[in-house]
Amino acid sequence: KQWYQRRVAITAGGAIIKWDISTGKKVTVVKHDSKKQILALAASSDNMYLASGGEDKMIILWDIASMTFVKCFRKHRGAITALAFRRNSHLLMSGSTDRSVILWNCDDKLYIESLYGHQDIVTGMDSFLQERVVTVGGQDKTLRLWKIQEESQLVFNGHKNTVIDCVSMLNEEHFVTGSQDNVLCVWHIKKKKPAITELKAHAKGSWISAVAALKNTECFISGSNGGNVKIWACAETYRSMALIKSIEVVGTVNSIVIPQDNSCFVLGVGQEPKMGRWWCNKDARNRVLVYPMVIEDEEVNR
């Protein structure tokens, strides 16, 4: 079984391009009217809706099949930096530079409520089966779990003197975060400090720029600007983690997406980080890569 890669989609200059993976050809190109930078995308688990957001402070809802406009949501006062759908639902969550998290009902096309607590940009978010959303707040160094029905939030602290860039839920009780000091943390819902902390997770001086978990497993993937992506497995006790595989990738991994069937993972790779031009790797290309999910049992059990 060999790893392979193929371009499938890319956003640039306010454009969203839909590709046919089987042929490698463009299907549709759509844009926000503002033509400003798009910073976040999220698809509903039934593949009905795609949500996009960015510097124009608007969230555009698209019909995935036809890529036609459905609705424009306006409420945030800053750029949209994170989007997530609840699994098996059309409940959409959004995060912004205005530090708020907003809930949207995509069935009725309605605003639900705003959640406040972060003291900095909402840099990442994720949701799973329950009516909850987990978010990270950049320089406020916090991970927050919002229990929507209970109208409460849990605050977790662990990353120090750095910016938390990304978060993903392993299951309803465990999450993984990555930060700009090259640290990965795995968390348990009942502990305010990390259950696992992996220092120097990527190459020296790297930023952890993206993480994505294989839901309801102990495995997750992390990406950085350090030249590779890594696949990790946590022990069943969630007291330790081990590196399973490292894959060379030139450029900054700005996003990682794993479909529900865990059959592959998709990387959004760029010359620069998506939130700013702090560096530019001229050897990299702005592209999207698809890899099959090949993890042997003996690798996980090392």
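Reading the values: the criteria
Residue positions are counted from 1 within each chain, in the order its sequence is given. Reporting in this predicted model follows two pLDDT cut-offs: at least 70 for local features of residues, and 80 or more for side-chain atom pairs to be given and counted; totals over whole chains, interfaces and linings ignore these cut-offs and use all residues. For the side-chain quantities, the full set of heavy atoms in the structure was used; hydrogens and water were omitted. Nonpolar cores were defined as sets of buried Ala, Val, Leu, Ile, Met, Phe, Trp, Tyr and Cys residues, with membership established by side-chain atoms within 4.5 Å. For the exposure calls, accessible area comes from a 1.4 Å probe over protein chains only, and a residue counts as buried if that area is under 20% of its type's maximum, exposed if over 50%, partly exposed in between. By definition, two strands form a pair when at least two bridges between them are found by DSSP. Strands are runs of DSSP state E lasting at least two residues, helices are runs of H or I lasting at least four, and both sets are numbered from the N terminus onward. Geometry is summarised by axes, namely lines fitted to C-alpha atoms with helices restricted to the contacting stretch, and by angles between N-to-C directions that run from 0 to 180 degrees. Aromatic pairing here means that ring centres of Phe, Tyr or Trp (its six-membered ring) are within 6.5 Å. Orientation follows from the plane angle: under 30 degrees is stacked, over 60 is edge-to-face, and everything else is tilted. By definition here, charges over rings are those cases where NZ of Lys or CZ of Arg is within 6 Å of the ring centre and within 35 degrees of the ring normal.

Participant: So what exactly am I meant to see when it comes to the nonpolar core here?
Facilitator: In a soluble, globular protein the nonpolar side chains are often hidden away together inside. Within the largest apolar cluster, 20 residues are counted, with the highest numbers of intra-cluster contacts made by Ile-221, Val-229, Val-249, Phe-265 and Leu-267. Formed by 15 residues, the second largest nonpolar core is a distinct cluster that contains Ile-196, Ala-201, Phe-220 and Cys-234.

Participant: For this particular structure, what's the right way to read the sheet that holds strand β5 (residues 49-54)?
Facilitator: Pairing between sheet strands relies on hydrogen bonds along the backbone, with the strands arranged either parallel or antiparallel. Spatial strand order, β4-β5-β6-β7: four strands in an open sheet with antiparallel pairing. Strand pairing shows two members of the sheet lacking a second neighbour, β4 (38-43) and β7 (68-74), which therefore form its edges. Shown here is a sheet whose adjacent strand axes are inclined to one another by a mean of 20°, direction ignored. In the sheet, β4 pairs with β5 via five bridges, with the strands oriented antiparallel. Bridge assignment links Ala-43 to a residue of β5, and that residue is Leu-50.

Participant: Can you walk me through unusual backbone geometry in this structure?
Facilitator: What you tend to see is this: most non-glycine residues have negative phi, and most peptide bonds are trans. The phi dihedral of Met-67 is positive, around 55°, even though this residue is not glycine. Of note, Met-67 is situated in the loop between β6 (58-63) and β7. Even without glycine at this site, Lys-109 takes up a positive phi of about 60°. Here Lys-109 lies in the loop between β10 (101-105) and β11 (110-115). What makes Lys-109 partly exposed here is its relative accessible area of 24%.

Participant: Got a minute to help me understand the packing of aromatic side chains in this structure?
Facilitator: Note on aromatic pairs: each is described by the distance of the centres and the angle between the planes. As enumerated under the stated definition, the model contains eight aromatic pairs in all. Between the aromatic rings of Trp-104 and Tyr-111, the centroid separation amounts to 5.8 Å while the plane-to-plane angle is 70°, which identifies the pairing as edge-to-face. Look at Tyr-111 and you get partly exposed, because its relative accessible area is 37%. On the numbers, 5.6 Å between centres and 50° between planes, the contact of Trp-207 with Trp-278 is tilted. Of this pair, Trp-207 sits in the loop between β19 (196-198) and β20 (208-213) while Trp-278 sits in the loop between β25 (264-270) and β26 (287-292), and the two are 71 residues apart along the sequence. A relative accessible area of 51% means that Trp-278 is categorised as exposed. Here the aromatic residues Phe-73, Trp-104 and Tyr-111 are joined through ring pairs into a cluster of three or more. Directly above the aromatic system of Tyr-111 lies the positively charged group of Lys-75, at a separation of 4.6 Å from the ring centroid. The residue whose ring lies beneath Lys-215 is Phe-128, and the NZ or CZ to ring-centre distance is 5.8 Å.

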